[in-house]
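# Inside the fold
Here is how the chains run, residue by residue.
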Amino acid sequence: MLIDYATFHDRANALLQRITELCATAQRDPREVVLLPVTKNHPPAAVEYAARHGFAAVSENRVQEAVEKRAQVTATVRWDLIGHLQSNKAKLAATHFDRIQSVDSEKLLNTLDRAAGEVGKILPVLLQINAGNDPAKFGAEPVDAPRLLEFALTRPNLRVDGLMTVAPLSDDPAVARRTFANLRVIRDQLTVQLGAPLRELSMGMSSDLDAAITEGSTLVRIGRALYGPRT
Ligand SMILES: *Cc1c(COP(=O)(O)O)cnc(C)c1O
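Keep in mind it's a predicted model, so treat the numbers as computed, not measured. (Residues numbered from 1 in each chain as written. Predicted model: local features only at pLDDT ≥ 70, side-chain atom pairs only at ≥ 80, totals over all residues. Heavy atoms only, no water.)

This brings us to the site of the ligand. Residues in close proximity to the ligand include Val-38, Lys-40, Ile-82, Val-166, Met-205, Ser-206, Arg-221, Ile-222, Gly-223, Arg-224 and Arg-230, which together make up its full environment. One of the backbone N or O atoms of Gly-223 is found 2.9 Å from an oxygen atom in the ligand. At 2.7 Å, a side-chain N or O of Arg-230 approaches an oxygen atom of the ligand. Protein contacts shield 92% of the accessible area of the ligand, which totals 390 Å² for the unbound molecule. According to the grid-proximity analysis, the pocket containing the ligand is the largest pocket. Looking at the shell around the ligand residue by residue, the classes come out as 5 nonpolar, 2 polar and 4 charged. (Near = heavy atom within 4 Å. Polar contact = N/O pair within 3.5 Å; in protein donor to acceptor, adjacent residues only side chain to side chain. Areas by Shrake-Rupley, 256 points an atom, 1.4 Å probe, with all protein chains shown as cover. 1 Å grid on protein atoms, 1.4 Å probe; cavity = no way out; pocket = protein on both sides within 12 Å on 5 of 7 lines; lining within 4 Å. Sits in = over half its atoms within 2 Å of the grid points. Nonpolar A, V, L, I, M, F, W, Y, C, P; charged D, E, K, R; others polar.)

For helix α5 (residues 106-119), spanning 14 residues, the distance from its first C-alpha to its last is 20 Å, which sits close to the expected 20 Å at 1.5 Å a residue. Buried positions along α5 lie against α4 (90-96), β4 (99-103), β5 (123-128), α6 (145-153) and β6 (158-164). Just downstream of α5 lies Gly-120, where phi reads positive at about 75 degrees. (Helix = DSSP H or I, 4+ residues; strand = E, 2+ residues; numbered from the N terminus. Expected span 1.5 Å × (residues − 1). Contact = heavy atoms within 4.5 Å.)

This brings us to the packing of aromatic side chains. A complete count under the given rule lists 5 aromatic pairs for this structure. Relative to Tyr-49, the ring of Tyr-5 lies with its centre 5.4 Å away and its plane at 75 degrees, an arrangement referred to as edge-to-face. A residue pair is termed long-range when its members are at least 10 positions apart, and Tyr-5 in helix α1 (residues 5-25) and Tyr-49 in helix α2 (residues 44-53) qualify at 44 residues. In this structure Tyr-49 comes out as buried when scored by relative accessible area, which is 14%. (Phe/Tyr/Trp six-rings, centres within 6.5 Å; stacked < 30°, edge-to-face > 60°. Buried < 20%, exposed > 50% of the residue type's maximum accessible area, 1.4 Å probe, protein only.)

Empty space among the atoms can be located by rolling a probe the size of a water molecule over them. A volume near 380 Å³ is recorded for the largest pocket. Looking at the largest pocket, it is lined by 18 residues, and the ones nearest its centre are Lys-40, Asn-61, Ile-82, Val-166 and Met-205. Looking at side-chain class alone, the lining of the largest pocket contains 7 nonpolar, 6 polar and 5 charged residues. What the second largest pocket holds in volume is close to 300 Å³. As for the second largest pocket, its lining consists of 14 residues, and the residues nearest its centre are Pro-168, Leu-169, Ser-170, Ser-207 and Asp-208. Here the lining of the second largest pocket gets 3 residues from one element, more than from any other, and that element is helix α7 (residues 173-194). (Points joined across faces, edges and corners; volume = space filled by probe spheres on them.)

Our focus in this paragraph is the side chain of Asp-134. If you trace the backbone, Asp-134 turns up in the loop between β5 and α6. From its side chain, Asp-134 meets the backbone nitrogen of Ala-136 in a polar contact 2.8 Å long. In this structure, Asp-134 is in contact with Pro-168 and Leu-169, ignoring residues within four places of it in sequence.

For the structure shown, the criterion picks out 18 salt bridges. Notably, a salt bridge pairs Arg-18 with Asp-210, separated by 2.4 Å at the nearest N-O pair. A residue pair is termed long-range when its members are at least 10 positions apart, and Arg-18 in helix α1 and Asp-210 in helix α8 (residues 209-214) qualify at 192 residues. Judged by its relative accessible area of 32%, Arg-18 is partly exposed. By relative accessible area, Asp-210 is classed as partly exposed at 33%. With a closest N to O distance of 3.0 Å, Arg-28 and Glu-32 form a salt bridge. The class of Arg-28 is buried, set by a relative accessible area of 15%. (Salt bridge = Lys/Arg side-chain N within 4 Å of Asp/Glu carboxyl O.)

Attention now goes to the packing of α6 against α7. It is the contact of α6 with α7, at a shortest axis distance of 11 Å, that shows an interaxial angle of 55 degrees. One finds that α6 runs oblique with respect to α7. Considering how the two elements wind past one another, α6 and α7 form a crossing that is right-handed. Along the contact surface, α6 presents Ala-145, Pro-146, Leu-149, Glu-150 and Leu-153, while α7 presents Ile-186, Leu-190, Gln-193 and Leu-194. When grouped by side-chain class, the residues that make up the contact of α6 with α7 number 7 nonpolar, 1 polar and 1 charged. (Axes fitted to C-alpha atoms, helices over the stretch in contact; angles between N-to-C directions. Parallel < 35°, antiparallel > 145°, perpendicular 65-115°, else oblique. Left-handed = near helix turned anticlockwise from the far one by under 90°.)

Spelled out as structure tokens, the structure:
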């Protein structure tokens, strides 16, 4: 069961307030941080809620679910893919998503570039980096990031907006914080090495929002703290 709109509205405002406070503590401009609702496992109405509140984009982790949902949503929002993408779904993803945050291989870059060319668009992407060195997580290894970025920058139909990571599951908040600090360092090094601006650092979810803002996140992907538990 989806929560009602009033509950969503209150939670969204409380989260935006929290982000503003965290930015103040970290001496950051809150306008640098975007709250990205994660609507996976929720009905199309969850997306309508986000649009009604004024969020410009939502995110999903499975291609098929998002394609079906998007067909039922009338509100105009952008859709980001944040879940692992297999090459055989790349064409579908390039067609139906406005940005793909989970790109972690040259093969996927190639397939997405070709698909974006076929549908006639420049597709924004983020490179997913396994900044927590977690064997259970997807994402390119940090040592491979320069080569991956170099390759991405030469794909004519892709635009690289930045980097994304998911912190390892842990009861220790220091683990997430270290992971996010690491992604920021990787971004700074890549910017110097390759001269790419890499504006976005997509890091932080409901459980590790504070650490993410403190370490420089520009995109926090929030599901449970907005919509409650997923069924
Ligand atoms: C589900 C998901 C989120 C949101 O997680 P919550 O704990 O619900 O905030 C963020 N990022 C990714 C990649 C996800 O799959």
